[in-house]
Amino acid sequence: MRQIKLPHLPSDIEERKSDLMTDLWYKGKETQIKQDTVKVKIRMKNIVIFGAPGSGKGTQSDLMIEYYGLGHISTGDVLRNEIKKGTELGKLAASYIDGGNLIPDDLMISILAKVYDEFGRGHKGVIFDGFPRTIPQAEALKKMLDERGDKVAAMIELDVPEDELMDRLIKRGKDSGRADDNEETIKKRLVVYHSQTQPLIEWYKKEGLHHHINGSGTLERIFADIKNVIDNL
Ligand code: AP5
Ligand code: MG
C-alpha cells in the first residue's frame, strides 16, 4: 500500500495531521465495506431454516425474506395449498399431515425440485423451510442443487424447549385453522421430528454447514442471531 508522507508540522497542527490520517483510513475502510456489501448482495445464499414444529421457521423466514430479498419454499405451505385447492396431491398430503406423519420422500423431493426451478436462474437465494426433514431428503437436496451448480450456504437450527413448542402450537391452534395444530397431532409431530428429522443436525454438522441458534426469546434477538450467521457466510 502507498504510504502518504505528510510534512513535519508544528504541534498545534499535529492533531489535524492525525485527523487527516484517520480520515484517510476511514475512507479506505468505507470503500472496503462498500465492496464487501456488493459482494454479499450478489452472492447467492440458499439457507435451510431448521427446527421442530413451532420453532419459528415460518416467522423468521418472513423476516429474512424482507431483509435479504430471498425466495422462500415452505413445503408445509405448498402442501396446505394443494389441500385447499382439493387436488389429488392435496388429498394424498392430507392423509399424512392430519396424522402428523411425513409425506413420502420421493414425492416430496420431486415437488421441491419443481418449486425451486420456478425461481429461475440468478436468484439471490432461497430459504428452505421444512425441507429437508429426513436424511434422504438432505441428500436429494444436495444432489438437486449440485446438478444446477448451486449449494446450501448454511443450515440454521432454531432450538426451542419442547414445552414451549407445545404452548406455541396449542395457542396458534386456537385460530390457525391448521388440521395438525391439536394436542394429539402436535405430540405425534414432535415424535416424528425426534426420530426422523433431528438426525439431520449431525448430518449438517458433518457437512460443516450447521449453525445453532437459541430459538426462545424475542423475534428481534433471534433474527439478529440469524443475521449474524448470514452476514458472515
Ligand atoms: P410444516 O408446515 O413445515 O410445519 P412444522 O415443521 O410442523 O412447523 P410449523 O409451521 O408448525 O412451525 P414453524 O417452525 O414454522 O413455526 P412458526 O413460525 O409457525 O409441515 C406440516 C406438515 O407437512 C408436516 O407435519 C408433514 O406432514 C408435511 N411436510 C412438510 N414438509 C415436509 C417434508 N419436507 N417432508 C415430508 N412431509 C412434510 O411459529 C409457531 C408459532 O409460534 C406461531 O404462532 C408464532 O407466532 C409463534 N412464535 C414464533 N416465534 C416465536 C417466539 N420467538 N416467541 C414466541 N412465539 C413465537
Ligand atoms: Mg411453518
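Bear in mind the structure is a predicted one, so any value in this text is a computation, not a measurement.

Participant: Can you walk me through the nonpolar core in this structure?
Facilitator: Generally speaking, a soluble globular protein has its nonpolar side chains buried in company with each other. In terms of nonpolar packing, the biggest core is built from 35 residues, with Val48, Phe128, Leu141 and Tyr204 touching the most fellow members. Take this core: its biggest share by element is six residues, from helix H5 (residues 105-117). Leaving out residues up to four positions away in the same chain, Tyr204 has contacts with Val48, Pro132, Ala138, Leu141, Met155, Leu209 and His210. Listed in part, the 15 residues of the second largest apolar core include Met64, Leu70, Ile222 and Phe223.

Participant: What am I meant to see in the side chain of Ser216 here?
Facilitator: Checked against the element boundaries, Ser216 lands in the loop between strand S5 (210-214) and helix H10 (219-231). In this structure the side chain of Ser216 is engaged in a polar contact, spanning 2.9 Å, whose partner is the side chain of Glu164. Those residues within four positions of Ser216 in sequence are excluded, and the remaining contacts are Asp159, Val160, Pro161, Glu164, Arg168, Arg221 and Ile222.

Participant: For this particular structure, what's the right way to read the layout of surface pockets?
Facilitator: Left-over empty space is what a probe sized like a water molecule reveals as it rolls over the atoms. In this structure, the largest pocket spans a volume of roughly 920 Å³. As for the largest pocket, its lining consists of 47 residues, and the residues nearest its centre are Pro53, Lys57, Arg133, Arg178 and Arg189. Within the residue set of the lining of the largest pocket, elements represented by two or more residues are strand S1 (46-51), helix H2 (57-68), strand S2 (71-74), helix H3 (75-85), helix H7 (162-173), helix H8 (183-197) and H10. Residue composition of the lining of the largest pocket, grouped by class: 18 nonpolar, 18 polar and eleven charged.

Participant: Would you mind showing me how to read the site of ligand 1 here?
Facilitator: Taken together, 30 residues lie near ligand 1, and Thr59, Asn101, Arg133, Arg172 and Arg189 sit nearest. Within the side chain of Thr59, a nitrogen or oxygen atom sits 2.5 Å from an oxygen atom of ligand 1. Asn101 is positioned with one of its backbone polar atoms (N or O) 2.5 Å from an oxygen atom of ligand 1. Protein burial of ligand 1: of its 1000 Å² of free accessible surface, 86% is covered by the chains. Most atoms of ligand 1, that is more than half of them, are within 2 Å of grid points of the largest pocket.

Participant: What's the story with H2 in this structure? I'm lost.
Facilitator: Given 3.6 residues per turn, any residue in an α-helix points the same way as the ones three and four places further on. Between its first and last C-alpha atoms H2 spans 16 Å; for twelve residues at 1.5 Å apiece the expected length is 16 Å, and the two agree. Every buried residue belonging to H2 is among Lys57, Gln60, Ser61, Met64 and Tyr68, and all of these are buried. Down the axis of H2, the buried side of the element spans an arc of 110°, and every buried residue falls inside it. Each element contacted by the buried residues of H2 is listed here: S1, S2, strand S3 (126-129), strand S4 (152-159) and H10. Just downstream of H2 lies Gly69, where phi reads positive at about 70°.

Participant: Sorry if this is basic, but what is going on with the pairing of S3 here?
Facilitator: Within a regular strand, side chains alternate between the sheet's two faces. Because side chains alternate across S3, one face comprises the buried residues Val126 and Phe128, and the other comprises Ile127 and Asp129, equally buried. Pairing of S1 with S3, which is carried by three bridges, proceeds in the parallel orientation. Paired with Ile47 across the strands is Ile127, a residue of S3. Taken together, the four bridges between S2 and S3 define a ladder with parallel strand orientation. Note on S3: the bridge partner recorded for Gly71 is Val126.

Participant: Explanation requested: the packing of aromatic side chains in the structure shown.
Facilitator: Two aromatic rings, taken as a pair, are described by how far apart their centres are and by the angle between their planes. One pass over the structure, following the stated rule, counts five aromatic pairs. On the numbers, 5.8 Å between centres and 80° between planes, the contact of Tyr67 with Phe223 is edge-to-face. Of this pair, Tyr67 sits in helix H2 while Phe223 sits in helix H10, and the two are 156 residues apart along the sequence. The exposure class assigned to Tyr67 is partly exposed, which follows from its relative accessible area of 47%. Phe223 gets classed as buried once you look at its relative accessible area, which sits at 11%. Pairing Tyr116 with Phe128 gives two aromatic rings, centres 5.9 Å apart and planes at 25°, and the pair type is stacked. Placement of Tyr116 in helix H5 and of Phe128 in strand S3 is noted, with a sequence separation of twelve residues between them. These aromatic residues form a ring-pair network of at least three members: Tyr67, Tyr68 and Phe223.

Participant: What exactly am I supposed to notice about the confidence of the model for the chain here?
Facilitator: Note that predicted coordinates carrying low pLDDT should not be read in detail. When pLDDT is averaged across the chain, the result is 88; 82% of the residues are at 70 or more. pLDDT under 50 marks residues 37-42. Its contacts with residues more than four places away, or in other chains, come to one contact.

Rules used throughout
For every chain, the first residue of its written sequence is number 1, and the numbers climb from 1 along that sequence. Both sets of labels track the order of writing: A upward for chains, 1 upward for ligands. Two thresholds apply to this predicted model, a pLDDT of at least 70 for residue-level local features and 80 or more for giving and counting side-chain atom pairs, whereas whole-chain, interface and lining totals are computed over all residues. No hydrogens and no water enter the side-chain calculation; it runs on all heavy atoms of the structure. Nonpolar core, defined: a set of buried Ala, Val, Leu, Ile, Met, Phe, Trp, Tyr and Cys residues in which side-chain atoms within 4.5 Å join the residues together. Three exposure classes are used, based on accessible area relative to the maximum for each residue type with a 1.4 Å probe and protein chains only: buried under 20%, partly exposed in between, and exposed over 50%. Helix and strand definitions here come from DSSP, where helices need a minimum of 4 consecutive H or I residues and strands a minimum of 2 consecutive E residues; each element is numbered from the N-terminal end. Residue contacts are defined here by distance: any two heavy atoms, one from each residue, within 4.5 Å place the two residues in contact. Think of a polar contact as two N or O atoms within 3.5 Å of one another; within protein, one of them needs to be a possible hydrogen donor and the other a possible acceptor, and neighboring residues in sequence only count if both atoms come from side chains. Here a cavity means grid points, on a 1 Å grid over the protein atoms only, where a 1.4 Å probe fits yet cannot get out; a pocket means an open set of points with protein on both sides within 12 Å along at least five of seven lines; lining residues are those with an atom within 4 Å of a point. Grid points are joined across faces, edges and corners, and a volume is the space filled by probe spheres set on the points. Polar here means any residue outside two lists: the nonpolar Ala, Val, Leu, Ile, Met, Phe, Trp, Tyr, Cys and Pro, and the charged Asp, Glu, Lys and Arg; Gly therefore counts as polar. One heavy atom suffices: a residue is near a molecule or strand as soon as one of its heavy atoms comes within 4 Å of it. Throughout, the Shrake-Rupley method with a 1.4 Å probe supplies accessible areas, and for residues the shown protein chains are the sole cover considered. Assignment to a cavity or pocket requires that more than half of a molecule's atoms be within 2 Å of the site's grid points. To estimate how far a helix should reach, multiply one less than its number of residues by 1.5 Å. To obtain the arc, one takes the directions from the helix axis to the C-beta atoms. Strands pair, by our definition, only if DSSP identifies at least two bridges between them. Think of it this way: a Phe, Tyr or Trp ring, Trp meaning its six-membered ring, pairs with another when their centres are within 6.5 Å, and the plane angle makes it stacked under 30 degrees, edge-to-face over 60, tilted otherwise. pLDDT is a per-residue confidence score from the predictor, ranging from 0 to 100.

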